[in-house]
Amino acid sequence: MGSALSTSDLPASAPALVAVGTIVVVQLLTPSNPIGGSIRLLKQFRSQEKSLTSAQNVSKSIDEYNRLHSSDTPAERNREYKSLVNSYYDLATLFYEWGWGKSFHFANRYPTESFDESIRRHEYYLASKLGLCMSKEGKTANMKLVDVGCGIGGPMRNICRFTGADVTGITLNAYQVQRGNELCESEFGKGHSNKDSNNQLPCRSVQGDFMHMPLEDNSFDGAYAIEATCHAPDRVGVYKEIFRVLRPGSFFACYEWCMTDGYDSTNADHNRIKKQIEEGDGLPDICHTSVCLQALKDAGFDLVEERDMANDDMDIGTTIGGGVSKGKPWYLPLCPSWNPFTQRFQFNWIGLILTKYILKVMEFVYIAPRGTSKTQIMLQKGGIGLADGGKAEIFTPMYLMVGRVPLNKKGAADTAGEQ
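Note that the structure is a prediction, hence the values are computed from the model and not measured.

Visitor: Would you explain the packing of aromatic side chains in this entry?
Guide: Two descriptors summarise a pair of aromatic rings, namely the distance from one centre to the other and the angle between the planes of the rings. Scanning all chains against the criterion turns up 12 aromatic pairs. Centre to centre, the rings of Trp100 and Phe106 are 5.3 Å apart; their planes meet at 80 degrees, and the pair counts as edge-to-face. Both residues of the pair, Trp100 and Phe106, belong to the buried class. Between Phe106 and Trp330 the ring centres are 5.0 Å apart and the planes differ by 65 degrees, which places this aromatic pair in the edge-to-face class. Separated by 224 residues along the polypeptide, Phe106 in the loop between helix H5 (81-99) and helix H6 (115-127) and Trp330 in the loop between strand E8 (324-325) and helix H12 (349-364) bring together distant segments of the chain. With respect to burial, Phe106 and Trp330 carry one shared label: buried. Taken together, the aromatic side chains of Trp100, Phe106, Phe115, Trp257, Trp330, Tyr331 and Phe395 make up a single cluster linked through ring pairs. When the ring centre of Phe220 is taken as reference, the NZ or CZ atom of Lys144 above it lies at 5.1 Å. Just above the ring of Phe243 sits the side chain of Lys409; from NZ or CZ to the centre is 5.0 Å.

Take a look at the structure:
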């Protein structure tokens, strides 16, 4: 028999060929679309600065964003929340869609679930809290929902399909509205049976500030927010605005980003984590769970349910051998990994360096706008803070609150009579 093949016998291009081969296999045999996603990202890079509304270019936008976060106190960020949030999503949306998907939120995972399956289950679970009444045909006919802080509308479209309701999403950022409606048209547009008798799509994105929504009083049958109202400068204010647009007896369900009882404001490491999350995720400040809960009540809602879903048991017992299959925590995708074919690779020390300098080269040759590498550094810092906060159990992105509008809501009678 001949001698075993040594590494010296392999061509120098072998690692590159393995990488390309792996990408092709993933492209062909899984639902992932790494090639299409990367091509779309490069195209969007070239047009990004034309659609910016926060600054003249990416570099100025990230510099202004970083300036707003230079203070240790949230006063200016609360005053300038629209600028802060708009700048953040001008910068972050491309990376979110490329690296995470169309639903910008977290979810715990059961052992048998894929990442995408866990994301959809998390959305459907929240929708199930809205108390929607089904018709005999099994549809929530003529029921209207509002998605408060819809991003590019991944949850909006999934919940629209899941419930059969008409869904309006609201977001502050103009690019997210444009991209969200492109995806709505793609998924529900020409050739689809989901349009109503007036040829209208069953869901759409509109631009607006969720502190002052361009929506009529008492006009919706339910509302939900998925990791979005954490951007509000005043929780009572945003919950009151949601309360305003809901009809009597309607439900509001949300997942909030909060500090937990494990957070110690005198602990330097805890404060470092909190600051990293705020800087990396466009937040003026992060409230404790108790602050959000009280704000919901102060806004007028009757509390139906609340719990931190990060603490839910995701393990599944097995019938073979009596063992237990472990679930995966929400923060796992943000933990460092040496697997170069996952987004987790960027969080190890080599990945952090590679990502930074690859983007700098792309800026140098004008593939990516200047400031892109600064944006990615900001996002990575937020990811590291989120993972550390999850591991330390001082932060949660899924504090569930469900509130109901009282049947005797003031001012509702006159509006209901007009409908």
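Visitor: Help me understand the nonpolar core, please; the structure alone is not making it clear to me.
Guide: A general trend in soluble globular proteins is that nonpolar side chains are found buried together. By size, the foremost hydrophobic cluster in this structure holds 44 residues, and its most contacted members are Phe106, Tyr224, Trp257, Ile277, Leu386 and Phe395. Where this core is concerned, the elements lending two or more residues are H6, helix H7 (154-163), helix H8 (174-188), strand E4 (220-226), strand E5 (246-259), helix H10 (268-280), helix H13 (372-392) and strand E9 (395-404). Here this core gets five residues from one element, more than from any other, and that element is E5. Those residues in contact with Phe395 that sit more than four places away from it in its chain are Trp257, Cys258, Met259, Thr260, Ile277, Ile286, Trp330, Leu386, Gly389 and Gly390. Of all hydrophobic cores here, the second largest spans 31 residues; its members include Val146, Leu215, Ala295 and Phe301.

Visitor: What is the right way to read the packing of H5 against H13 from this model?
Guide: Close contact between H5 and H13 brings their axes to 10 Å; oriented N to C, the two are set at 80 degrees. Between H5 and H13, the angle is such that the two are roughly perpendicular. Listed contacts from H13 to Tyr88, Leu91, Ala92, Phe95 and Tyr96 of H5 are Thr372, Thr375, Gln376, Met378 and Leu379. Considering only residue class, the contact of H5 with H13 consists of seven nonpolar, three polar and no charged.

Visitor: Please clarify how H5 should be interpreted in this entry.
Guide: Residues three or four positions apart in an α-helix share a direction because the helix packs 3.6 residues into each turn. Look at H5: 25 Å from first C-alpha to last across 19 residues, which is about the 27 Å you get at 1.5 Å a residue. Of all the bends in H5, the greatest, near 45 degrees, is centred on Ala92. Burial within H5 is extensive, with 15 of its 19 residues counted as buried. Within two residues after H5, Gly101 carries a phi angle of roughly 125 degrees, on the positive side.

Visitor: What's the story with the side chain of Lys409 in this structure? I'm lost.
Guide: You can see Lys409 is positioned in the loop between E9 and helix H14 (412-418). Among buried charged residues, Lys409 stands out as having no salt bridge; its nearest opposite-charge side chain is Asp217, 7.0 Å away. At 2.6 Å, the side chain of Lys409 forms a polar contact with the backbone oxygen of Phe243. Dropping the residues within four chain positions of it, Lys409 is found in contact with Asn218, Phe243, Arg244, Val245, Leu246 and Pro248.

Analysis parameters
- Per-chain numbering applies: the sequence of each chain, read as written, is numbered from 1 onward.
- The model is predicted, so local features are restricted to residues of pLDDT at least 70 and side-chain atom pairs to those at 80 or more, both for listing and for counting; the totals for chains, interfaces and linings are taken over all residues.
- Computation of side-chain values covers all heavy atoms of the structure but excludes hydrogens and water.
- For Phe, Tyr and Trp, rings pair up if their centres lie within 6.5 Å, where Trp contributes its six-membered ring, and each pair is then called stacked (planes under 30 degrees apart), edge-to-face (over 60) or tilted (otherwise).
- Relative accessibility thresholds used throughout: buried, under 20% of the residue-type maximum; exposed, over 50%; partly exposed, between the two (1.4 Å probe, protein chains only).
- Runs of E in the DSSP output that reach at least two residues are strands. Runs of H or I that reach at least four are helices, and both are numbered from the N terminus.
- Criterion for a charge above a ring: Arg CZ or Lys NZ at most 6 Å from the ring centre, at most 35 degrees from the ring normal.
- Note on terminology: a nonpolar core comprises buried Ala, Val, Leu, Ile, Met, Phe, Trp, Tyr and Cys residues joined through side-chain atoms within 4.5 Å.
- Contact definition: two residues touch when any of their heavy atoms are within 4.5 Å.
- Under this scheme, a helix contributes an axis fitted over its contacting stretch, all axes are lines through C-alpha atoms, and angles between N-to-C directions fall in the 0 to 180 degree range.
- Here is the rule for angles: anything less than 35 degrees is roughly parallel, anything more than 145 is roughly antiparallel, 65 through 115 is roughly perpendicular, and the remaining ranges are oblique.
- Three classes are used: nonpolar for Ala, Val, Leu, Ile, Met, Phe, Trp, Tyr, Cys and Pro, charged for Asp, Glu, Lys and Arg, and polar for all others, with Gly counted as polar.
- A helix is expected to reach a length of 1.5 Å times the quantity of its residues less one.
- Fitting one axis to the seven residues ending at a residue and another to the seven starting there, the bend at that residue is the angle between the two axes.
- Asp and Glu count as negative and Lys and Arg as positive, but His and the ends of the chain are not part of the count.
- For salt bridges, the criterion is a side-chain nitrogen of Lys or Arg within 4 Å of an Asp or Glu carboxyl oxygen.
- Any N or O atom pair separated by 3.5 Å or less is treated as a polar contact, with the protein-specific requirement of one donor-capable and one acceptor-capable atom, and with residues adjacent in sequence counted only for side-chain atom pairs.

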